[in-house]
Amino acid sequence: QVQLVESGGGLVQAGGSLRLSCAASGLAFSSYAMGWFRQAPGKEREFVAGISGSGGSTAYANSVKGRFTISRDNAKDTVYLQMNSLKPEDTAVYYCAASRGAYFVVDTYGYWGQGTQVTVSS
């Protein structure tokens with residue numbers, strides 16, 4: 001059974017940083033692309049960042065490019081999202097997801113975590 005468990009969310013002031021982690025189990029981790037998505041109240045879920053199985057390729061939403069960094073440690077079956085220069089509009093529930101397909105193709109993500117809340121105050 002695939003499980004993805006996010007951690008690291010919380011309340012931070014604008015301009016601050018947070019690092020999200022997602023621990024995976026029940027899958028051959030390095031064979032899966034991993035991604036981070038977010039959903040703000042009243043809005044649709046959106047792609048934030050994705051990373052290939054090897055970690056050699058990444059993709060970002062334009063809204064976070066240059067501020068967020070996705071990385072993975074295949075020895076620990078964990079993917080990370082380092083978030084810097086946070087803005088109030090980054091406030092959302094952040095979800096970790098796994099895909100057997102391409103890391104940049106949103107529809108291929110089939111496994112999801114329960115989400116972690118990130119709140120950025122102004």
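Residues numbered from 1 in each chain as written. Predicted model: local features only at pLDDT ≥ 70, side-chain atom pairs only at ≥ 80, totals over all residues. Heavy atoms only, no water.

Draft legend 1. Looking closely at the sheet that holds strand β8 (residues 78-83). With antiparallel pairing, the 4 strands of this open sheet are ordered in space as β1-β3-β8-β7. The open sheet is flanked by β1 (3-7) and β7 (68-73), the only strands paired with a single partner. Here the strands of the sheet are splayed against their neighbours by 15° on average, with no regard to which way each runs. Pairing analysis gives 6 bridges linking strand β3 (residues 18-25) to β8, with the strands arranged antiparallel. Bridging across to β8, Ala23 finds its partner in Thr78. (Pairing = 2+ DSSP bridges. Helix = DSSP H or I, 4+ residues; strand = E, 2+ residues; numbered from the N terminus. Axes fitted to C-alpha atoms, helices over the stretch in contact; angles between N-to-C directions.)

Draft legend 2. Broad picture of the nonpolar core. The biggest cluster of nonpolar side chains holds 29 residues, and the ones touching the most others in it are Met34, Trp36, Val79, Leu81, Met83 and Tyr94. Secondary structure elements with two or more residues in this core: β3, β4 (33-39), β5 (46-51), β7, β8, β9 (92-99) and β11 (116-121). Apart from the residues lying within four places of it in its own chain, the contact partners of Val79 are Leu20, Ser21, Cys22, Phe29, Met34, Trp36, Ile51, Ile70, Ser71, Arg72 and Cys96. (Core = buried A, V, L, I, M, F, W, Y, C linked by side-chain atoms within 4.5 Å. Buried < 20%, exposed > 50% of the residue type's maximum accessible area, 1.4 Å probe, protein only. Contact = heavy atoms within 4.5 Å.)

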